[in-house]
Amino acid sequence: MIRALATALALIAPAALAGDYGAALPAPISAETCPTDTTDWTKAALERSLTPQLGLPPVPHPVDNPPTEAKIALGRKLFFDRRLSINRTMSCAMCHVPELGFANWELATAIGVEGRSVKRNAPSVINVGFLSPLFHDGRDPALETQFVAPLVTRNEMANPSIGHVVAELTHLPDYRPLFDAAFTAPASLDRIGQALGAYQCSLTLGNSAFDRWFYGGDEAAMDAAAQRGFELFTGKADCASCHLIDADHALFTDQAFHDTGYGRRREERRQNPPASHLVQVAPGVVHQVDFSRIRAVSAPREADLGRYEVTEEPADRWKFRTPGLRNLAVTAPYMHDGALTTLGEVLEFYNMGGAGHPDQDARIRPLGLNPAELADI
Ligand code: HEC
Ligand code: HEC
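Along each chain, residue indices are assigned from 1 in the same order as the chain's sequence is written. Chains and ligands are labelled sequentially in the order written, the chains with letters from A and the ligands with numbers from 1. Totals for whole chains, interfaces and linings use every residue, but because this is a predicted model, local features are given only for residues with pLDDT of at least 70 and side-chain atom pairs only at 80 or more, for both listing and counting.

Colleague: Honestly, the overall build of the protein chain in this entry has me stumped. Any pointers?
Modeller: When its secondary structure is counted, the protein chain shows 15 helices and four strands. Just to be clear, the radius of gyration here is over C-alpha atoms, and the globule rule we use is 2.2 Å times residues to the power 0.38. Computed over C-alpha atoms, the radius of gyration of the protein chain comes to 21 Å, within 12% of the 21 Å expected from 2.2 N^0.38 for 377 residues, which places it in the range of a compact globule. Taken over the C-alpha atoms alone, the protein chain extends approximately 60 × 55 × 45 Å along its principal axes. A residue pair is marked as a contact if its C-beta atoms, positioned from the backbone, fall within 7 Å. In the protein chain, 65% of the contacts between residues at least 6 apart in sequence involve partners at least 24 apart. What counts as a helix is a DSSP run of H or I of at least four residues, what counts as a strand is a run of E of at least two, and both are numbered from the N terminus.

Colleague: Please clarify how the site of ligand 1 should be interpreted in this entry.
Modeller: Each residue receives a C-beta atom built from its backbone; the residue is near a molecule or strand if that atom lies within 6 Å of it. Close contacts around ligand 1 come from 28 residues, with Cys92, Cys95, Phe135, His136 and Pro150 the closest. Put simply, the parts of the chain that give the shell around ligand 1 at least two residues each are helix 4 (143-146), helix 5 (148-152) and helix 8 (189-201). Broken down by class, the residue content of the shell around ligand 1 amounts to 20 nonpolar, five polar and three charged. Here the nonpolar group is Ala, Val, Leu, Ile, Met, Phe, Trp, Tyr, Cys and Pro; Asp, Glu, Lys and Arg are the charged ones; every other residue, Gly included, is treated as polar.

Colleague: Which parts of the structure should I look at to understand the nonpolar core?
Modeller: Most often, soluble globular proteins keep nonpolar side chains buried together rather than apart. Membership of the largest hydrophobic core comes to 73 residues, with the highest contact counts inside it found for Leu74, Leu78, Ile192, Ala195 and Leu196. Sorting the residues of this core by element identifies helix 2 (41-50), helix 3 (69-79), helix 6 (162-171), helix 7 (176-183), helix 8, helix 9 (209-214), helix 10 (224-234) and helix 14 (343-351) as the ones contributing at least two each. Among residues more than four places away in sequence, those in contact with Leu196 are Gly75, Leu78, Phe79, Leu143 and Phe147. What makes a nonpolar core is a set of buried Ala, Val, Leu, Ile, Met, Phe, Trp, Tyr and Cys residues, with links drawn between C-beta atoms within 7 Å. Whether a residue is buried, exposed or partly exposed follows from its count of other C-beta atoms within 10 Å of its own C-beta, namely 20 or more, 12 or fewer, or something in between, respectively; the C-beta atoms are built from the backbone.

Colleague: Would you mind showing me how to read the packing of helix 3 against helix 8 here?
Modeller: Two packed helices can be described by the angle between their axes and the distance between those axes. Their axes nearest at 7 Å, the elements helix 3 and helix 8 cross at an angle of 95°. Looking at the two axes, helix 3 sits roughly perpendicular to helix 8. Contacts between helix 3 and helix 8 involve Lys71, Ile72, Leu74, Gly75, Arg76, Leu78 and Phe79 from the former and Ile192, Gln194, Ala195, Leu196, Ala198 and Tyr199 from the latter. Across the contact of helix 3 with helix 8, the residue classes tally to nine nonpolar, two polar and two charged. Angles shown run from 0 to 180 degrees and are taken between the N-to-C directions of axes, each axis being a line fitted to C-alpha atoms and, for helices, limited to the stretch in contact. Orientation labels follow simple angle bins: below 35 degrees gives roughly parallel, above 145 gives roughly antiparallel, 65 to 115 gives roughly perpendicular, and whatever is left gives oblique.

Colleague: Would you mind going over unusual backbone geometry with me for this structure?
Modeller: Across residues other than glycine, the phi torsion is negative in most instances, and most of the peptide bonds are trans. Across the junction of Ser132 and Pro133, the peptide omega takes the value 0°, indicating a cis bond. Of note, Phe135 is a non-glycine position whose phi angle comes to about 80°, a positive value. Mapped onto the elements of the fold, Phe135 is located in the loop between helix 3 and helix 4. What makes Phe135 partly exposed here is the crowd of 17 C-beta atoms within 10 Å. A positive phi angle, near 55°, is found at Asp238, a position not held by glycine. With respect to the helices and strands, Asp238 occurs in the loop between helix 10 and strand 1 (257-258).

Colleague: Explain the site of ligand 2 here, please?
Modeller: The immediate surroundings of ligand 2 are formed by 29 residues, with Cys239, Cys242, Tyr334, His336 and Asp361 found nearest. When residues of the shell around ligand 2 are traced back to their parent elements, those giving at least two are helix 11 (262-271) and helix 14. Residue contributions to the shell around ligand 2 peak at four residues, all from helix 14. The class makeup of the residues in the shell around ligand 2 is 17 nonpolar, nine polar and three charged.

Colleague: Is there a simple way to think about the pairing of strand 2 (residues 276-282) in this case?
Modeller: Sheet faces and side chains relate simply in a regular strand, where the side chains alternate between the two faces. By the bridge criterion, six bridges tie strand 2 to strand 3 (residues 285-290) in an arrangement that is antiparallel. Considered in strand 3, the bridge of Gln280 is made with Val286. Once strand 2 ends, the chain turns through two residues before running back antiparallel as strand 3, passing Gly284 with a positive phi of about 80°. Think of it this way: DSSP has to see at least two bridges between two strands before they count as a pair.

Colleague: What am I meant to see in helix 2 here?
Modeller: Turn by turn, an α-helix covers 3.6 residues, leaving residues three or four places apart pointing in a common direction. Here helix 2 has its buried residues at Ala45, Leu46, Arg48 and Ser49. What you see down the axis of helix 2 is that its buried residues fit within an arc of 160°, all on one side. Buried residues in helix 2 make contact with helix 3 and helix 8. In this description, one arc is meant: the one made by directions from the helix axis to the C-beta atoms.

Colleague: Would you take a moment to explain the packing of helix 2 against helix 3 for this structure?
Modeller: With their axes 9 Å apart at the nearest point, helix 2 and helix 3 run at an angle of 105° to one another. As judged from the angle between their axes, helix 2 and helix 3 are roughly perpendicular. For the pair helix 2 and helix 3, contact is made by Thr42, Lys43, Ala45 and Leu46 and by Glu69, Ile72 and Ala73, respectively. For the contact of helix 2 with helix 3, the per-class residue count stands at four nonpolar, one polar and two charged.

Colleague: Where do I start with the confidence of the model for the protein chain in this structure?
Modeller: For any part of a model where pLDDT is low, the fine detail of the predicted coordinates should not be relied upon. Here the protein chain averages 90 in pLDDT, while 92% of its residues score no lower than 70. Every residue in residues 1-23 is under pLDDT 50, and counting partners more than four places away or in other chains gives 64 contacts. As a per-residue quantity, pLDDT reports the predictor's confidence and falls between 0 and 100.

Below, the structure written as structure tokens:
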């Protein structure tokens, strides 16, 4: 079924789903594969954010930030504006790349201004309006406040302060009419957040093959293999107990934090790195590189304690928020550190029973799925 969700967009080269390490990357989304009507896009975006699509709940817009076309237009301009970073080179859209599913499937972990490394994978912001809390560790509750982090984090857009960004925007003449239209007021911290929130809430995408099959009653929308995969996903493999499927919609996440064993395994590997590493030097070109050479040129890998970094509760160590599984084929690579390149590797991880450490969630256990069952899932 994952495969069905992934291919539901029909945008993706099947090679992206091949299980091989270093398999060809999917072709970026282009005008041919994803025709868009650019006339009246704000109207269409507002409609998307107000009208539930098959398989999705209504967007839970904050009461004090109802969407309008003017806010969405302003939010989109902000999202794509490189002037919002310290050296005017980097926009939100350079890590959440629209052509790459609003994620970045070319990088395991994000890279900010001046090539500074970020320890986590940039998630897709498609359907992000349904999520709370935000980030892999859930450290921010809402889109209206979340944006401050990337703007001022040293290894992302690196602005010296958030007041600096507000001051810049107040002085940029092209923004004045847009803030006026959206808020009849000049740029402010809250208004930037509201506009970015309204724009990101319009990035909804439902009505997948799975939705048409499961919620729409269209028997032909999913083939027999995907239907068998669904049975395993919700049954023997028990994926749906965390990647939830509700009676009238599915976000494929319980929006809660779990220890799958993956974070602990990453930490063990960070402390005891393998002698050599596979490195993709160009699409499809992968070399086995001695780790000492990698270490010589890269920033040291940081530890990542997941939810613990927010709560400081020992029990939250290595817990991460369950990601939604929609549009998976355009949101590779996977997991909070993007170290799993293909869905095949993710399934292998689950089938082995995760990392097998004693504190991991009891549902992550050896699943005994045979290759045909894995293919169906
Ligand atoms: C340098 C790359 C980079 C830039 C630039 C960037 N982001 Fe992100 N974004 C990330 C990464 C990495 C994460 C995950 C971080 C984490 O979980 O700690 C993330 C997470 C998010 C999330 C949370 C998604 C979720 O599933 O919880 C949202 C929303 C978001 N970014 C929006 C933005 C906006 C808006 C901007 C511009 C103001 C922006 N990002 C700029 C890399 C980036
Ligand atoms: C105990 C809850 C739980 C169960 C059960 C579970 N998952 Fe997950 N899943 C998670 C969490 C938490 C993550 C994020 C882990 C991380 O980033 O370190 C995740 C990540 C993933 C990802 C990566 C998504 C991305 O965008 O990075 C996929 C794919 C996935 N799970 C599929 C499955 C499948 C298939 C099953 C059943 C075999 C399953 N999960 C069972 C909680 C669970």
